[in-house]
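# Reading the structure
So the chains spell out like this:
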Amino acid sequence: MNKIKDIAKIIKKSKSIALFTHISPDCDALGSTFGLSLALKKLGKNVKIFMKDDFTASQHLLFDENEVCKGECNINDFDIFICCDASSINRLGEYGYVFENNDKTIVIDHHVCNKMMAKYNYIESESSSCCEVVFKFINALKVKLDSEIATKLYAGLSTDTSSFINSNTNANSFLVATKLCLANAKTQFVNQAIYQSKSLNSVVFKKYLLDNFKIDGECAYVGIDQQTLEQLNGKKNDCSGYSKALINYKEINYSFSLIEEEPNKFSLSMRSKIGFNIRIIAEKLGGGGHVCAAGATITANNLNEAINLVLSTINENKERIKTEKI
Ligand code: 5GP
Ligand code: MN
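Attention here is on the structure that accompanies the text. Position numbers for residues count from 1 along each chain, tracking the sequence in the order it is written. As a convention, the first chain written is A and the first ligand written is 1, with the rest following in written order. A pLDDT threshold of at least 70 governs which residues receive local features in this predicted model, and a stricter bar of 80 or more applies before side-chain atom pairs are shown or counted, although totals over entire chains, interfaces and linings include all residues. In computing side-chain properties, one takes all heavy atoms of the structure into account and sets aside hydrogens as well as water.

## Section: the pattern of salt bridges
The term salt bridge refers to a side-chain nitrogen of Lys or Arg lying within 4 Å of a carboxyl oxygen of Asp or Glu. For the coordinates displayed, the defined rule picks out twelve salt bridges. Note that Glu67 is salt-bridged to Lys41, the shortest N-O span being 2.9 Å. Of the two residues, Glu67 is situated in the loop between helix H3 (57–62) and strand E3 (68–69) and Lys41 in helix H2 (residues 27–42); the sequence distance between them amounts to 26 residues. Categorising residues by exposure relies on relative accessible area from a 1.4 Å probe, with only protein chains included: less than 20% of the type maximum marks a residue as buried, more than 50% marks it as exposed, and the intermediate range marks it as partly exposed. Lys41 gets classed as partly exposed once you look at its relative accessible area, which sits at 36%. Secondary structure counts use DSSP, requiring at least four H or I residues in a row for a helix and at least two E residues in a row for a strand, with both numbered from the N terminus.

Quick look at the structure:
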């Protein structure tokens, strides 16, 4: 792994910079990428963010989709390529090619399972969010934080810690949050955008969850297929809080949700409590993530088959999920 100051030197020397993050970006992915982009612009760099995914309604309130380029990235147009919050080439989706055999690449991340796909890699797995790591880079680049940058970074820090309650929340998370507040991060605006801007139609999805979740020992789970999503007039994002909602109960130590994104392609989201490492299951299924929040993409003929695949993987690895070390 490289040092922040050495990567900062490379960034300082570059004029044109292309930024990337992982597919289906969450607010940490967007916050770290947009926060870094603003900081680099303050240094006078030409910056372009490449991203294929559309934003969710909440994300639209916090990040400007017009800043994003959805087209191809011409390797010759940039001096350096940086990706935030992405642990492997697969996670870059259609932009994976940019990081293949390219020695002008930098990875900034906080995933312990990061594959170090770039020429220069800085991964801080003890950081609760990639925004915390970008915060350090912004300091190393000697860019003064402003309200706009602080607000983007706060959005990622707040969501990747689930409002400072996940087990990844530590002293540094609070310290960075304090510094972001001191730089006038609009915390109430972020809170409202993320937690109080649900569409009324999303109540239907809350009802679906309560009507359909199941329990298998200490695991709670729910799945939804495309047909049901269409019937309820919803999108994948309407169900994005399912695994998180199911971990809230005392009897439950881990939870998962499966959402059929495309025919036979299911996105798996998993959560666990302290003492349980759910990432092991996500990795067995070809994905990854963190100890207490992980995911994967699963191919199966139908929802039941996908659920059974996850349940059997959990049952085969029950002892391995239990962990003292977090
Ligand atoms: P969520 O449940 O919020 O969608 O994802 C939780 C975490 O799991 C993410 O922060 C990310 O680290 C990881 N994750 C989710 N989906 C995938 C996936 O398909 N592949 C990998 N490697 N990680 C994933
Ligand atoms: Mn993250």
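## With respect to the packing of aromatic side chains
Note on ring pairs: Phe, Tyr and Trp rings are taken, using the six-membered ring of Trp, and paired if centres are within 6.5 Å. Classes follow the plane angle, with under 30 degrees stacked, over 60 edge-to-face and the rest tilted. In this structure the tally under the stated criterion is 14 aromatic pairs. Ring plane angle 15 degrees and centroid distance 5.4 Å describe the contact between Phe20 and Phe50, whose orientation is recorded as stacked. Remark: Phe50 occurs in strand E2 (residues 46–50) and Phe20 occurs in strand E1 (residues 16–21); sequence separation between them is 30 residues. In this pair, the class of Phe20 matches that of Phe50, namely buried. Here Tyr154 and Phe164 contribute two aromatic rings whose centre-to-centre distance is 6.3 Å and whose plane-to-plane angle is 45 degrees, an arrangement assigned as tilted. A residue pair is termed long-range when its members are at least 10 positions apart, and Tyr154 in helix H5 (residues 147–160) and Phe164 in the loop between H5 and helix H6 (171–182) qualify at ten residues. Residues Tyr154 and Phe164 agree in their burial class; the two are buried.

## Some thoughts on the coordination of the manganese ion (ligand 2)
Each metal site is built from N, O and S donor atoms within 2.8 Å (3.2 Å for Na, K and Ca), and since water is not included, such sites may look incomplete. Ligation of the manganese ion (ligand 2) by protein atoms is provided by Asp28 (OD), Asp85 (OD), His110 (NE2) and Asp160 (OD), these donors lying 2.1 to 2.4 Å from the ion. Along the chain, the residues donating to the manganese ion (ligand 2) fall in the pattern D-x56-D-x24-H-x49-D. Linking Asp28 in helix H2 with Asp85 in the loop between strand E4 (80–84) and strand E5 (105–109), this pair joins segments that are 57 residues apart in sequence.

## A short note on the packing of helix H1 (residues 4–13) against helix H4 (residues 130–140)
The axes used here are C-alpha line fits, helices contributing only the stretch in contact, and every angle between their N-to-C directions lies in the interval 0 to 180 degrees. Put simply, H1 and H4 touch, their axes get as near as 9 Å, and they point 65 degrees apart. In the crossing of H1 with H4, the sense of the turn from one axis to the other is right-handed. For the pair H1 and H4, the contacting residues are Ile4, Ile7, Ala8, Ile11 and Lys12 in the first and Lys136, Phe137 and Ala140 in the second. Crossing handedness follows the turn of the near helix against the far one: under a right angle anticlockwise gives a left-handed crossing, and clockwise gives a right-handed one. Two residues form a contact once any of their heavy atoms are found within 4.5 Å.

## A word on the nonpolar core
Think of a nonpolar core as a cluster: buried Ala, Val, Leu, Ile, Met, Phe, Trp, Tyr and Cys residues, connected wherever their side-chain atoms sit within 4.5 Å. In this structure, Ile11, Leu40, Ile82, Ile108, Leu153 and Leu180 are the most contacted members of the largest nonpolar core, which totals 52 residues. Leaving out residues up to four positions away in the same chain, Ile82 has contacts with Ile11, Ile17, Ala18, Leu19, Phe20, Leu36, Leu40, Phe99, Ile106 and Ile108. Counting residues in hydrophobic clusters, the runner-up holds 24 residues, among them Phe276, Ala282, Ile298 and Ala300.

## Concerning the site of ligand 1
Taken together, the neighbourhood of ligand 1 is formed by 13 residues, with His111, Ser269, Arg271, Gly288 and Ala294 sitting nearest. When ligand 1 is considered free in solution it has 500 Å² of accessible area, and contact with the protein chains removes 78% of it. Broken down by secondary-structure element, the contributors of at least two residues to the shell around ligand 1 are strand E10 (265–272), strand E11 (288–289) and strand E12 (293–299). The greatest single-element share of the shell around ligand 1, amounting to five residues, is contributed by E12. Throughout this entry, Asp, Glu, Lys and Arg are counted as charged residues, while Ala, Val, Leu, Ile, Met, Phe, Trp, Tyr, Cys and Pro are counted as nonpolar. The remaining residues, Gly among them, count as polar. Across the shell around ligand 1, the residue classes break down as three nonpolar, eight polar and two charged. Proximity criterion: a residue is near a molecule or strand once any of its heavy atoms comes within 4 Å of it. Each accessible area value is a Shrake-Rupley result obtained with a 1.4 Å probe; residue values ignore everything except the protein chains displayed when judging cover.

## Some details on the sheet that holds E4
Note on pairing: DSSP must find at least two bridges between two strands before they are called paired. Pairing in this open sheet of six strands is parallel, and the strands run E3-E2-E1-E4-E5-E6 from one edge to the other. The open sheet is flanked by E3 and strand E6 (120–123), the only strands paired with a single partner. Of the pairings in the sheet, the one linking E2 to E3 comprises two bridges and is parallel in character. Paired with Ile49 across the two strands is Val68, which belongs to E3. Relative to the sheet, H1 contacts E1, E4, E5 and E6, its axis offset from that of E6 by approximately 130 degrees.

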